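# A look at the structure
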Amino acid sequence: MELGLISLADLTPDPATGDVAPAGRRIADIVRAAVLADEAGLDVFAVGEHHHPNYAVSSPAVVLAAIAQATTRIKLTSATTLIGVLDPVRVYEDFATVDLISGGRTEITVGRGAFPEPFELFGYEFDDYDALFTDHFELLRKITAQPWVSWSGRHRAPLTSAGVVPRANRYPLPVWVGVGGNRGSAKRAGSLGVPILVGATGGALSRFVETFAVYRAAAEQAGHDPAELPVATANYLHVANTPAEVDRFHAHWAAYAAHHSRGRLQGQREMFDLQRGEDGALLLGSPQQIVDRIGRQYELFGHDRLLAQIDLGGMPFARVAEIIEILGAEVLPAVRKMNR
């Protein structure tokens, strides 16, 4: 099982100081975190995409290129690339370039997006988000599989024997699909036989068990072997050895909950404590408790990869660095022993 990190580059004020990192500093800290993760032996580093002032990264490929130059072995991926509003040719060219810079360590994780801003920015109708995703994802998959492409769809000009270059070191360039709680998205990914990343950041574990069950059933029905399809989760994670440390993390979690939901969701303590419970997805506690909680999820999901989001809610970089060190030294060895 692989253990990695994911950053959505949120610009949440630190609840203790009110400090909001400038976008440049936030991006620099993400690169620094990736370097530390590489040195600690973690397996994957993922960067999210948003087109809103609350976030620092709108182009994961650019940030991943900087990380590729500064690291030697860690895998690099987006999480998620909003393929519905982006040109699939440009997406492939960008990530193929990152793959060449990294020496073959790059993947793409695509998603539909939950907010309207990207659709407005790029001139699409939000109501078309499902059709746009279907069209653009089909073209992206075709491009990853062959250098010369002929294709036609509803939402992009057709291609006739078009060469898409440069070509990535990895052939085909791995493409995952990121989903939240939408079982329809999980079913579609299974039918297509593509790896899936499930955002296990809220709700009961039983909900995600059902998501993976739907995915694997759809894959099998479509003639794919579910055992051959990698699956992953993205979880909030924080190392806390004392009640005071739990309380401090709650302040960051609550600030992020309100920030990330654009004020629709406030971080009530009751909700937080439910996520800490046996059936919750929050990875919080001592290193051993975190190992145990990952093991519990592994028994339920049988997943191949876990991406931990540790820099949320204005978390100071010094604390992020401490957690990366702990993950590499105390959590990763136990996680690597988890085998399906």
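Notes on the structure in this doc start here. These numbers were taken from a predicted model, which means no experiment stands behind them. (Residues numbered from 1 in each chain as written. Predicted model: local features only at pLDDT ≥ 70, side-chain atom pairs only at ≥ 80, totals over all residues. Heavy atoms only, no water.)

## Concerning the overall build of the chain
Secondary structure summary: the chain contains eleven helices and twelve strands in total. The C-alpha atoms of the chain give 19 Å as radius of gyration, which agrees with the globular expectation for 340 residues (20 Å, within 12%). With respect to the three principal axes, the spread of C-alpha positions in the chain is 60 × 45 × 40 Å. By the burial criterion, 54% of the 340 residues in the chain qualify as buried. Long-range pairs, those at least 24 residues apart, make up 70% of the contacts in the chain between residues at least 6 apart in sequence. Looking at the chain as shown, the accessible area adds up to about 13900 Å², and 53% of this sits on carbon and sulfur atoms. A gap of 3 Å separates the mean positions of the 31 positive and 39 negative side-chain charges of the chain. (Helix = DSSP H or I, 4+ residues; strand = E, 2+ residues; numbered from the N terminus. Rg over C-alpha atoms; globule rule 2.2 N^0.38 Å. Buried < 20%, exposed > 50% of the residue type's maximum accessible area, 1.4 Å probe, protein only. Contact = heavy atoms within 4.5 Å. Areas by Shrake-Rupley, 256 points an atom, 1.4 Å probe, with all protein chains shown as cover. Lys, Arg positive; Asp, Glu negative; His and termini not counted. Charge placed at Lys NZ, Arg CZ, Asp CG, Glu CD.)

## A word on empty space enclosed by the protein
Evaluated as defined, the whole model comprises one cavity of 30 Å³ or more. Every residue lining the largest cavity is listed: Leu-5, Ile-6, Ser-7, Ile-30, Ala-33, Phe-45, Ile-310, Asp-311 and Val-320. When contributions to the lining of the largest cavity are tallied by element, the ones reaching two or more residues are strand 1 (2-7) and helix 1 (23-40). When residues in the lining of the largest cavity are grouped by element, the largest group, three residues, is from strand 1. For the lining of the largest cavity, the per-class residue count stands at seven nonpolar, one polar and one charged. (1 Å grid on protein atoms, 1.4 Å probe; cavity = no way out; pocket = protein on both sides within 12 Å on 5 of 7 lines; lining within 4 Å. Points joined across faces, edges and corners; volume = space filled by probe spheres on them. Nonpolar A, V, L, I, M, F, W, Y, C, P; charged D, E, K, R; others polar.)

## Brief notes about the environment of Ile-67
Note that Ile-67 resides in helix 2 (residues 60-70). A relative accessible area of 0% places Ile-67 in the buried class. Taking the C-alpha atoms as reference, Ile-67 lies 21 Å from His-51; in sequence the two are 16 residues apart.

## Quick look at the nonpolar core
Leu-5, Phe-45, Ile-67, Val-110, Ile-196 and Ile-294 are the most contacted members of the largest nonpolar core, which totals 108 residues. The element that contributes the greatest number of residues to this core is helix 11 (residues 317-336), accounting for nine residues. For Ile-67, the contacting residues outside a window of four places in its chain are Ile-30, Val-31, Ala-34, Phe-45, Val-47 and Leu-76. (Core = buried A, V, L, I, M, F, W, Y, C linked by side-chain atoms within 4.5 Å.)

## Description of the pairing of strand 2 (residues 44-47)
Looking along a regular strand, one sees side chains alternate from face to face of the sheet. Across the two faces of strand 2 the burial is the same, with Val-44 and Ala-46 and Phe-45 and Val-47 all buried. Alignment of strand 1 against strand 2, held across four bridges, turns out to be parallel. Residue pairing for strand 2: Ser-7 is matched across the bridge by Val-47. Each parallel crossover has a hand, and the one from strand 1 via helix 1 to strand 2 is right-handed. (Pairing = 2+ DSSP bridges. Right-handed = clockwise from strand over helix to strand, strands pointing away.)

## Side note on the packing of helix 1 against helix 11
When two helices pack together, their arrangement is given by the angle between the helix axes and the distance between those axes. For the pair helix 1 and helix 11, interaxial distance at closest approach is 9 Å and the crossing angle is 20°. One way to sum up the angle between helix 1 and helix 11 is to call them roughly parallel. Crossing of helix 1 against helix 11: the hand is right-handed. Contact residues: helix 1 offers Asp-29, Arg-32, Ala-33, Leu-36, Ala-37 and Ala-40, while helix 11 offers Phe-317, Val-320, Ala-321, Ile-324, Gly-328 and Leu-332. Partitioning the contact of helix 1 with helix 11 into residue classes produces nine nonpolar, one polar and two charged. (Axes fitted to C-alpha atoms, helices over the stretch in contact; angles between N-to-C directions. Parallel < 35°, antiparallel > 145°, perpendicular 65-115°, else oblique. Left-handed = near helix turned anticlockwise from the far one by under 90°.)

## Re the pattern of salt bridges
Side chains that differ in charge, positive against negative, can pair when their charged atoms come close. Throughout the structure, instances matching the rule amount to 21 salt bridges. With a closest N to O distance of 3.0 Å, Arg-26 and Asp-311 form a salt bridge. Of this pair, Arg-26 sits in helix 1 while Asp-311 sits in the loop between strand 12 (305-309) and helix 11, and the two are 285 residues apart along the sequence. Residue classification places Arg-26 among the buried positions, given a relative accessible area of 9%. (Salt bridge = Lys/Arg side-chain N within 4 Å of Asp/Glu carboxyl O.)

## Observations regarding the packing of aromatic side chains
The full count for this structure, using the stated rule, is eight aromatic pairs. Taking the centre distance of 5.4 Å and the plane angle of 20° together, the rings of Phe-126 and Tyr-129 count as stacked. Assessed through its relative accessible area of 32%, Phe-126 is described here as partly exposed. What makes Tyr-129 partly exposed here is its relative accessible area of 27%. Their ring planes at 85° and their centres at 6.5 Å tell us that Phe-208 and Phe-301 sit as a pair that is edge-to-face. Here Phe-301 lies in helix 10 (residues 287-301) and Phe-208 lies in helix 7 (residues 205-221), a separation of 93 residues in the sequence. With respect to class, Phe-208 is no different from Phe-301; both count as buried. (Phe/Tyr/Trp six-rings, centres within 6.5 Å; stacked < 30°, edge-to-face > 60°.)

## Points about unusual backbone geometry
With omega at 0°, the peptide bond leading from Val-165 into Pro-166 counts as cis. Following the sequence through the fold, Pro-166 ends up in the loop between strand 7 (159-163) and strand 8 (175-179). Here the amide bond leading from Tyr-171 into Pro-172 is cis, since omega sits at -10°, within 30 degrees of zero. With respect to the helices, strands and loops of the structure, Pro-172 is situated in the loop between strand 7 and strand 8. Non-glycine residue Ala-9 carries a positive phi angle of around 60°. According to the relative accessible area criterion, Ala-9 is buried, its value standing at 0%.

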